[in-house]
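Here are the chains, one letter per residue:
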Amino acid sequence: MTALPRGGMLRPPAPPAKNHDIHTPLPGGHKKVKDPMVAAPSPVKQFDREIAPADLANAIRALAMDAVQQAKSGHPGMPMGMADVATVLFTQHLKYDSAQPDWPDRDRFVLSAGHGSMLLYALLYLTGYPGLSLADLRNFRQFGSPTPGHPEYGDTPGVETTTGPLGQGLGNAVGMALAERLMNAQFGDAVVDHHTYAIAGDGCLMEGISHEAASLAGHLRLGKLIVLYDDNQISIDGPTSLALSDDALARFAAYGWAVQRIDGHDRDAIDTALTAAKREDRPSLIACRTIIGYGAPNLAGTAKTHGAPLGDAEIAGTRESLNWPHPAFEIPDRILAAWRTAGARGAEAAAKWQERLAAQDSAPRAEFERRIAGDLPEGWDDDLIAFKQSMVTEKPSLATRVASQKALEALNAQIPEMIGGSADLTGSNNTKTGDLGAVAPNDFAGRYIYYGVREHAMAAAMNGLALHGGLIPYGGTFLVFSDYCRPSIRLAALMRQRAVYVFTHDSIGLGEDGPTHQPVEHLAALRAIPNLQVFRPADAVETAECWELALQSKDAPSVLALTRQNLPTVRSECSENYSSYGAYILAPAPRAREVTLMATGSEVEIALAAQKQLDQIGIAAAVVSMPCWKLFEAQPPHYREEVLGPGSLRIAIEAGVQLGWERWIGSEGAFIGMRGFGASAPYKDLYKHFGITPEAVVDAVKARL
């Protein structure tokens, strides 16, 4: 094996015989760059002139392969392949100050290809982010370490979002770039003016979410979004040619993106491409042709480097080929110092930003700081309280989706950071209020996003909006289509983000659209997600209460499952937010309780009707409304016992599947609900057909008492 000269790089087996200038256009808007292999490496000017840029990149490669080897699991290939790209980005382009990971006007960096987490951890350690030590890199993938297998938001300073499920980070990056534009429209360039960068791999671009998210970003012309595509042509199964023949650049050009193709190991080409992308007024995709496992003498360029340690012999060979003679986890002082200089180069920009913020008038400065802190404005619920009182007084019959819109009218007027939207169902979800203008290409003064038929991208972008800070996103679609949103909802729950999903048409109550649109298993599936609050309000008052709770929950996402059909007002007073208990006794038993009727949403009125019928035959029943199981589970045992009625027969009523209700009804109770899919018919006929009626409840009680 022949070692390369210091500062050199391992050449691919067959370098492309092209020497096109970066400004030479190709069909479909592509651009090519000169072959980087003919260019001699040059030192990084701002650092010690004796340190070649390859030394900086090789520090990443060494840490990545050493950490994966130590953990006996992980993905060394991607970090080794993208080390040159990451080095140029973090030393020359990314605006950040490692000493201030939460600086609001920093550039955002998203590792959408989250399996390559050691790329990010190496960068964060090398640039000097607080709370991350060399010992933490040695402890990669171990319990309690801030270096988990995939980046997790909240575990590690500098990790902007949790990634791993491929494509999710790309969707988050679109949301972050959109958030930057929305905040910029409200606070101006002096306070909000930064880019969002993402590294995405072949897998990210294969996932369907990438199509939705990239299309939305192109439509909105998010010019401060730059995606670096790790075009290494390798996936777990082998060459991507086994399953992929797309022209990614042509595809993104069709979305309205600026596209470039470069060699991902030519630092000058990387620098030039990033410089050009930052001048664009539309999102940019830079396809970086890289060698996965770059530097590994026998495995580079193969799937064997993707998801397994290289092995001791291959690591030794890699050290020789890269001229990296240092022991495992050892970074020479001068190289570490150079990286730490890079990590501190944004300190001056951060200080100047602080000066600009301080120079703002007191009112907008205080408003910006409040939003970044995630606090709601003083008096935010004044109009909502008045709305609840009017519902108690007027007792209207309203679909809860309509009640939700009325609640939003009260909330959006008081909370300017609320950003609404819908996946092409605005009129059905009732998510737009009169004071929300539309977000449009190059016009970000509005607060309502028309996501189009892109449920998955909507949910992922909502995560990005929330993660960016300063905004509270909510978005709507039908409950049955929550399946399209589920991966992003799960990540919102994992990251403890305040995002609100308005899911209407929540049962067979939607009627004639039939079983394709009638959710039956969806409430159970959503309730199974940890840290997700699933609200199903019974009337307009509960709907307002659930909105109140969702907005107060800074560390949890919320679902509002809302009806298409009208429901009566069942609450007679609103002095206290009873929904905050998760479940409560809505109608006490007229005598000593024999039966507890538990219901959610539209079935609460059925429980109330059944209570009256039972009373007529001498059976005393109480009605419990259960708008949120999660909150009820959090109540002390004595409260739960009181609500459920010790010793009483428990009957649950919900127009969904039984799964999960067993916990509340016990072995002696009964469930009135769906046993299979729905059907196409007027909703009242469907309730009768499927036996979700007061009479069915009475029969179930009589059969068990």
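From a predicted model like this one, the values you see are computed outputs, not experimental measurements. (Residues numbered from 1 in each chain as written. Predicted model: local features only at pLDDT ≥ 70, side-chain atom pairs only at ≥ 80, totals over all residues. Heavy atoms only, no water.)

**Q** Before we go on, may I ask you to explain the pattern of salt bridges in this structure?
**A** Side chains that carry opposite charge are capable of pairing whenever their charged atoms lie near each other. Per the counting criterion, the structure on display carries 24 salt bridges. With a closest N to O distance of 2.8 Å, Glu417 and Arg370 form a salt bridge. Of this pair, Glu417 sits in the loop between α16 (400-412) and β11 (418-422) while Arg370 sits in helix α14 (residues 362-373), and the two are 47 residues apart along the sequence. By the burial criterion, Glu417 is buried, and Arg370 matches it. Each of Glu367, Arg370, Arg371 and Glu417 takes part in one network of salt bridges that share partners. (Salt bridge = Lys/Arg side-chain N within 4 Å of Asp/Glu carboxyl O. Helix = DSSP H or I, 4+ residues; strand = E, 2+ residues; numbered from the N terminus. Buried < 20%, exposed > 50% of the residue type's maximum accessible area, 1.4 Å probe, protein only.)

**Q** It is not clear to me how the packing of helix α8 (residues 208-220) against helix α18 (residues 455-468) should be interpreted in this structure. Could you clarify?
**A** Helix-helix packing is characterised by the crossing angle of the two axes and by the distance between the axes. Closest axis-to-axis distance for the α8/α18 pair is 8 Å, and the angle between their directions is 75°. Looking at the two axes, α8 sits roughly perpendicular to α18. Residues Ile209, Glu212 and Ala213 of α8 form the contact with α18, whose participating residues are Glu455, His456, Ala457 and Ala460. Of the residues assigned to the contact of α8 with α18, the class counts are four nonpolar, one polar and two charged. (Axes fitted to C-alpha atoms, helices over the stretch in contact; angles between N-to-C directions. Parallel < 35°, antiparallel > 145°, perpendicular 65-115°, else oblique. Contact = heavy atoms within 4.5 Å. Nonpolar A, V, L, I, M, F, W, Y, C, P; charged D, E, K, R; others polar.)

**Q** Teacher, can you tell me more about the confidence of the model for the protein here?
**A** One rule of thumb: low pLDDT means the predicted coordinates there are not for detailed reading. When pLDDT is averaged along the protein, the result is 93; 93% of the residues meet or exceed 70. When mean pLDDT is compared element by element in the protein, strand β5 (residues 225-231) scores highest at 99, while strand β1 (residues 19-25) scores lowest at 31. Overall, residues 1-47 carries pLDDT values under 50, and its contacts beyond four positions in sequence, including any with other chains, amount to 98 contacts. (pLDDT = per-residue confidence, 0-100.)

**Q** Looking at this structure, how should I read the pairing of strand β21 (residues 649-654)?
**A** In the case of a regular strand, side chains alternate between the two sheet surfaces. Counting buried positions over the six residues of β21 gives six, a clear majority of the element. Burial of β21 is two-sided: the residues Leu649, Ile651 and Ile653 facing one way and the residues Arg650, Ala652 and Glu654 facing the other way are all buried. The pairing of strand β19 (residues 595-599) with β21 spans five bridges and is classified as parallel. Each residue of the ladder has a partner; that of Val595, found in β21, is Leu649. (Pairing = 2+ DSSP bridges.)

**Q** What am I meant to see in the pairing of strand β9 (residues 284-289) here?
**A** Within β9, five of the six residues are buried, leaving the element largely enclosed by the surrounding structure. Of the pairings in the sheet, the one linking β5 to β9 comprises six bridges and is parallel in character. Following the sheet pairing, Asp230 is matched in β9 by Cys288. Direction of pairing for strand β8 (residues 258-263) relative to β9: parallel, over a ladder of six bridges. Among the inter-strand pairings, Ile262 is bridged to a residue of β9, identified as Cys288.

**Q** Just checking my understanding: could you explain the sheet that holds β19 for this structure?
**A** Strand pairing in a sheet relies on backbone hydrogen bonds. The paired strands run either parallel or antiparallel. Read from one edge to the other, the open sheet built from five strands follows the order β18-β20-β19-β21-β22, with strand pairing classed as mixed. Strands with a single pairing partner mark the edges of an open sheet, and in this sheet they are β18 (584-587) and β22 (670-673). The average angle at which neighbouring strand axes cross in this sheet is 30°, direction not considered. Pairing analysis gives four bridges linking β21 to β22, with the strands arranged parallel. When the sheet's bridge partners are listed, Ala652 is paired in β22 with Phe671.

**Q** Is there a simple way to think about the state of the cysteines in this case?
**A** When the sulfur atoms of two cysteines share a covalent bond, that bond is a disulfide. Following the criterion strictly, the structure yields zero disulfides and no others. Free of any disulfide, Cys485 has its nearest neighbouring cysteine sulfur in Cys628, separated by 19 Å. For Cys485, a relative accessible area of 0% gives the class buried. Free cysteine Cys546: the closest other cysteine sulfur is in Cys628, separated by 7.3 Å. (Disulfide = S-S within 2.5 Å.)

**Q** Quick question: what am I supposed to make of the environment of Glu417 here?
**A** Residue classification places Glu417 among the buried positions, given a relative accessible area of 3%. Put simply, Glu417 and Gln186 are 231 residues apart on the chain and 9.8 Å apart in space, counted from C-alpha to C-alpha. Once residues within four sequence positions are removed from consideration, Glu417 is found in contact with Glu367, Arg370, Arg371, Asp375, Leu376, Pro377, Gly470, Leu471 and Ile472. A polar contact is formed between the side chain of Glu417 and the side chain of Arg370, at a distance of 2.8 Å. (Polar contact = N/O pair within 3.5 Å; in protein donor to acceptor, adjacent residues only side chain to side chain.)

**Q** Could you clarify how one ought to interpret the packing of aromatic side chains in this entry?
**A** Geometrically, a pair of aromatic rings is defined through the distance of the ring centres and the angle of the planes. Taken as a whole and judged by the stated rule, the model has 21 aromatic pairs. Judged by centre distance (5.5 Å) and plane angle (80°), the rings of Phe252 and Tyr255 are edge-to-face. Of this pair, Phe252 and Tyr255 both sit in helix α9 (residues 248-255), separated by three residues, roughly a single helical turn. Taken individually, Phe252 and Tyr255 each receive the classification buried, so the pair is uniform in this respect. With 6.1 Å between their ring centres and 75° between their planes, Trp629 and Trp664 make a pair best called edge-to-face. Taken as a pair, Trp629 in helix α23 (residues 629-633) and Trp664 in helix α25 (residues 662-665) lie far apart in primary sequence, 35 residues in all. When its relative accessible area of 7% is taken as the criterion, Trp629 is described as buried. Classification of Trp664 as buried rests on a relative accessible area of 2%. (Phe/Tyr/Trp six-rings, centres within 6.5 Å; stacked < 30°, edge-to-face > 60°.)

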